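# Geometric and topological summary
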Amino acid sequence: MTGVAAPKQGMDMTVTPTAIEGVFVIQPEWFEDERGFFFESYSKRRWEQHGLHLDFVQDNHSRSQRGVLRGFHFQNGLAPQHRLVRCTVGAIWDVVVDLRAGSPTFGRWFGIELSASNRTQLLMGPEFAHGFAVLSDVAEVQYKTTGFHNPAAEGLLAWNDPDVGVPWPIEDPTLSAKDSTNPSLAAYLANPAFHYGETA
Ligand SMILES: Cc1cn([C@H]2C[C@H](O)[C@@H](COP(=O)(O)OP(=O)(O)O[C@H]3O[C@@H](C)C(=O)[C@@H](O)[C@H]3O)O2)c(=O)[nH]c1=O
């Protein structure tokens, strides 16, 4: 068919699977001119064109100082959450850990730098513990979730569990009181919240 191409509806994005099934790197295109930049940080229509059908219900925003590490956190099957994470001020090293018992990548981690300048986003299913370390003087992190916050569903995993072995880029991080006593992966596995092949 010939003719005039349909006008482009907004900017596109790339969706790149990682070595861990269920974790995707999302890179939106952006427009830049002398005023600054513009990009669509989320478009339901664009996501559906890429086969991503998720209903986000909550937006979160945190600010942290250099050296802060938050995590690892997840919500169990009572209130499962897909999470779409980005950094809008500064830079973080963002990490997920596969919590699906029986998964070929159980306990394996994936990490990526998310920053205000690279505008990269990380999408993870509910079955992943999530945490990040701040690489800049200050970092602001914004993320969307498909489930509402539910303290009764909160799950925690030790940021420094040697069985996971994340090579964090900061030493002696500043942690919340809660995160300084998080359980190990072995303790999690005694009563896992998620099983490979089952929908959370
Ligand atoms: C996450 C969350 C916390 N809160 C409250 C609970 C508490 O009083 C206060 C601070 O909570 P926290 O210390 O748990 O915040 P924080 O350590 O930033 O928790 C976050 O960490 C990152 C790594 C994640 O993956 C997120 O899902 C979330 O768990 O905010 C909400 O009201 N809604 C929410 O969605």
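Refer to the structure printed above.
First things first, this report covers the structure right here in the doc.

The rules behind the values
- Residues numbered from 1 in each chain as written.
- Predicted model: local features only at pLDDT ≥ 70, side-chain atom pairs only at ≥ 80, totals over all residues.
- Pairing = 2+ DSSP bridges.
- Helix = DSSP H or I, 4+ residues; strand = E, 2+ residues; numbered from the N terminus.
- Axes fitted to C-alpha atoms, helices over the stretch in contact; angles between N-to-C directions.
- Contact = placed C-beta atoms within 7 Å.

Our focus in this paragraph is the sheet that holds strand β8 (residues 91-98). One open sheet accounts for five strands, arranged β10-β8-β12-β6-β14; its pairing is antiparallel. Of all the strands in the sheet, just β10 (109-115) and β14 (154-156) have a single pairing partner and so form its edges. Strand-to-strand twist of the sheet, defined as the mean angle between neighbouring strand axes without regard to direction, takes the value 25 degrees. Pairing of strand β6 (residues 69-75) with strand β12 (residues 128-134) involves three bridges; the strand directions are antiparallel. Pairing of Arg-70 across the sheet is with Phe-132, part of β12.

Along the polypeptide, Asn-60 turns up in strand β5 (residues 58-65). For Asn-60 and Ala-116, which are 56 residues apart along the polypeptide, the C-alpha to C-alpha distance reads 16 Å. When near neighbours in sequence (up to four residues on either side) are disregarded, Asn-60 contacts Gln-142, Tyr-143 and Thr-145.

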